[in-house]
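What the coordinates show
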Amino acid sequence: MDDRHQIEPDPYAAGVVKDIFKYKLRGMSQDSIARKLNENGILPPAEYKASVGSNYQTSFKSKEKSEWTSVMVRRILTNEIYIGNLVQGKQTTPNHKVKKTILKSEGEWIRIEKSHEAIITDRDFEIVQRLLDMDVGRRIEGDANSRLFFQP
């Protein structure tokens, strides 16, 4: 990377992201995608970053060795960075002494469209967003004592 202020896609990670979008466009659930990635030995983001020597820290890691989860897959599927948009300022803290973060409304976010090379087309991204919206509508209700469950 010549310019440290420019976002450039990592070829390996870009391939994984493209596969995740391809699987979703074929109708796979986030859970099925995560299972497939784990079965194929694809390193999840934190593990991949560690494997290439990045000093990446995350608060999401809950096991010694992380695995793909449906939450990770959904984060990728909803992240506009893959269509070339840079979105920042989604959260803030009241002041530098307080560690608790506050989510900002979408109108307060800073969005720079087409700031870097896209690896997913706008069309595919939009279709995936619609599919994700439809997934939420596929919830089914169990008996009176149960919670709502997502269909596999």
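Residues numbered from 1 in each chain as written. Predicted model: local features only at pLDDT ≥ 70, side-chain atom pairs only at ≥ 80, totals over all residues. Heavy atoms only, no water.

The subject of this paragraph is the pattern of salt bridges. Taken as a whole and assessed by the stated rule, the structure comprises 7 salt bridges. Residues lysine 22 and aspartate 19 are paired through a salt bridge, measuring 3.4 Å at the closest nitrogen-oxygen approach. Of this pair, lysine 22 and aspartate 19 are both found in helix α1 (residues 11–25), 3 residues apart, which corresponds to roughly one turn of the helix. Overall, aspartate 19 belongs to the partly exposed group, its relative accessible area being 28%. One salt bridge connects arginine 111 with glutamate 80, and the closest N-O pair in it is separated by 2.6 Å. One end of the pair, arginine 111, is in strand β4 (residues 110–112); the other, glutamate 80, is in the loop between α4 (70–77) and β1 (86–88), with 31 residues separating them in the sequence. Residue classification places arginine 111 among the partly exposed residues on the basis of a relative accessible area of 30%. Several salt bridges converge on common partners, so that one network encompasses Glu80, Glu106 and Arg111. (Salt bridge = Lys/Arg side-chain N within 4 Å of Asp/Glu carboxyl O. Helix = DSSP H or I, 4+ residues; strand = E, 2+ residues; numbered from the N terminus. Buried < 20%, exposed > 50% of the residue type's maximum accessible area, 1.4 Å probe, protein only.)

To continue, consider the side chain of glutamine 129. By the element assignment, glutamine 129 lies in helix α5 (residues 122–136). Since its relative accessible area comes to 18%, glutamine 129 is described here as buried. What glutamine 129 contacts, discounting residues up to four positions off in sequence, is Leu77 and Thr78. (Contact = heavy atoms within 4.5 Å.)

Compared with the 21 Å implied by 1.5 Å per residue over 15 residues, the 21 Å span of α1 between its first and last C-alpha is a close match. Turning to α1, its buried residues are Ala14, Val16, Val17, Ile20, Phe21, Tyr23 and Lys24. The backbone nitrogen of tyrosine 12 lies 2.9 Å from a side-chain oxygen of the residue at the head of α1, namely aspartate 10. (Expected span 1.5 Å × (residues − 1). Polar contact = N/O pair within 3.5 Å; in protein donor to acceptor, adjacent residues only side chain to side chain.)

Counting 21 residues, the largest nonpolar core has Ile20, Phe21, Leu37, Trp68, Val73 and Ile120 as the members making the most contacts within it. Per-element tally for this core: the top contributor is α1, with 6 residues. Non-local contacts of leucine 37, meaning those with residues more than four positions away in its chain, are made with Val16, Ile20, Tyr23, Ile42, Trp68 and Val73. (Core = buried A, V, L, I, M, F, W, Y, C linked by side-chain atoms within 4.5 Å.)

All right, on to the packing of α1 against α4 then. Between α1 and α4, the shortest axis-to-axis distance is 10 Å and the interhelical angle comes to 95 degrees. With respect to α4, the element α1 is oriented roughly perpendicular. In contact with Val17, Ile20, Phe21 and Lys24 of α1, α4 contributes Val73, Ile76 and Leu77. For the contact of α1 with α4, the residue count by class is 6 nonpolar, no polar and 1 charged. (Axes fitted to C-alpha atoms, helices over the stretch in contact; angles between N-to-C directions. Parallel < 35°, antiparallel > 145°, perpendicular 65-115°, else oblique. Nonpolar A, V, L, I, M, F, W, Y, C, P; charged D, E, K, R; others polar.)

Once that is clear, we can look at the packing of helix α2 (residues 30–39) against α4. Two numbers describe how α2 lies on α4: the axes approach to 8 Å, and their chain directions differ by 105 degrees. Judged by the angle between their axes, α2 and α4 are roughly perpendicular. Here α2 contributes Gln30, Asp31, Ile33, Ala34 and Leu37 to the contact with α4, which in turn contributes Ser70, Val73, Arg74 and Leu77. Across the contact of α2 with α4, the residue classes break down as 5 nonpolar, 2 polar and 2 charged.

On to the packing of aromatic side chains, then. Inspection of the entire model under this criterion finds 2 aromatic pairs. Measuring from centroid to centroid gives 4.7 Å for tyrosine 12 and tyrosine 48, while their planes differ by 25 degrees, and the two rings are stacked. Separated by 36 residues along the polypeptide, tyrosine 12 in helix α1 and tyrosine 48 in helix α3 (residues 45–51) bring together distant segments of the chain. For tyrosine 12, a relative accessible area of 38% puts it in the partly exposed group. Here the basic side chain of lysine 90 rests over the ring of tryptophan 109, its NZ or CZ set 4.9 Å away from the ring centre. (Phe/Tyr/Trp six-rings, centres within 6.5 Å; stacked < 30°, edge-to-face > 60°. Lys NZ or Arg CZ within 6 Å of the ring centre and 35° of its normal.)

Just geometry here; none of it tells us what the structure is for.
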